[in-house]
Amino acid sequence: MHESWKKYLDAEFTKPYFQKLSDFLKQEYATKTIFPPKQQVFSAFTTDLNKIKVVIIGQDPYHGTGQAHGLAFSVNNGVAIPPSLVNIFKEIHEDTGAPIPDNGNLRRWADQGVLLLNNTLTVEAHQAGSHRGRGWEEFTNAMIQILNDERNGLVFMLWGRDARSKKTLIDGSRHLVLEAAHPSPLSAYNGFFGCRHFSKANAYLILNGQSPIQW
């Protein structure tokens, strides 16, 4: 993780709920196949806290083999692009004209200051939502609260019920909050397609004297 997060994460790691979560995860990793790999669970926090411009909140990691690597919606190079990310790329293309990439690795966004944070950071193989209610939600709430308090002028993209539940943690007078349906094929046509979040985010960043994201 980046040094800028260390004091915040260290404080969170000592709390009772996280100790309980940690004990649960040790057992899970020891006895089951869990994604992402242990060393990639906190990959989102390699993005410098002070350089974050956009926060995209996902649900839980992809639960297929070789997909999740710690960045929400992202997959490793060489892995087929999942349907939700296909829809994200479609919306970006329609919204900004950017070409649709040939891979789903979003590290290029993270390197530009996009925090790709899932609501829960681990999952059992082929068991969507299997690590919900174990403490990750409290952790990610704390991280969003830190971003809200420590930074100004961020763009929060909240897609779907899980992400939108975080809205109460964000001061809409100091940050731009964009809400839409989840990009999953089950819901993308209920308000994700046509949301134009990517051009809206860049317009807001430019208005606030920051460089836009190359989506």
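What you see is a predicted model, and the numbers here were worked out from it, not measured in a lab.

Here's the deal with unusual backbone geometry
Residues F35 and P36 are joined by a peptide bond in cis, for which omega reads -5 degrees. Structurally, P36 can be placed in the loop between β1 (34-35) and β2 (54-58). For H126, which is not glycine, the phi dihedral falls at a positive 65 degrees. Mapping H126 onto the fold places it in the loop between β4 (123-124) and α5 (136-150). The exposure class assigned to H126 is exposed, which follows from its relative accessible area of 52%. Phi angles above zero are rare outside glycine, and R196 is one such case at about 55 degrees. Its location among the elements puts R196 in the loop between β6 (176-180) and α7 (197-207).

Comments concerning the environment of E12
Following the sequence through the fold, E12 ends up in helix α1 (residues 6-13). Its relative accessible area of 6% is what places E12 among the buried residues. Distance from E12 to E138, taken between C-alpha atoms, is 9.7 Å for residues 126 residues apart in sequence. The residues contacting E12, other than those within four sequence positions of it, are Y17, F18, F139, A142 and M143. One polar contact links E12 to Y17, side chain to side chain, over a distance of 2.9 Å.

Quick word on α7
Listed in full, the buried residues belonging to α7 are H197, F198, A201, N202, Y204 and L205. For α7, the angular spread of the buried residues around the axis is 160 degrees, confining them to a single face. Of the exposed residues in α7, those oriented more than 90 degrees away from the buried face are I206 and L207. Where α7 is buried, its residues meet β2, α3 (83-96), β5 (155-159) and β6. Just beyond α7, the residue with positive phi is G209, at close to 75 degrees.

Topic: the pairing of β2
Look at any regular strand and the pattern is simple: side chains alternate between the two faces of the sheet. Within β2, 5 of the 5 residues are buried, leaving the element largely enclosed by the surrounding structure. Here β2 shows two buried faces, one formed by V54, I56 and G58 and the other by V55 and I57. As judged from the 5 bridges shared by β2 and strand β3 (residues 114-118), these two strands associate in the parallel manner. In the sheet register, V54 faces β3, and the bridge partner there is V114. Alignment of β2 against β5, held across 4 bridges, turns out to be parallel. When the bridges of β5 are listed, V55 appears paired with F156.

Reading the values: rules and limits
- Residues numbered from 1 in each chain as written.
- Predicted model: local features only at pLDDT ≥ 70, side-chain atom pairs only at ≥ 80, totals over all residues.
- Heavy atoms only, no water.
- Helix = DSSP H or I, 4+ residues; strand = E, 2+ residues; numbered from the N terminus.
- Buried < 20%, exposed > 50% of the residue type's maximum accessible area, 1.4 Å probe, protein only.
- Contact = heavy atoms within 4.5 Å.
- Polar contact = N/O pair within 3.5 Å; in protein donor to acceptor, adjacent residues only side chain to side chain.
- Arc of directions from axis to C-beta.
- Pairing = 2+ DSSP bridges.

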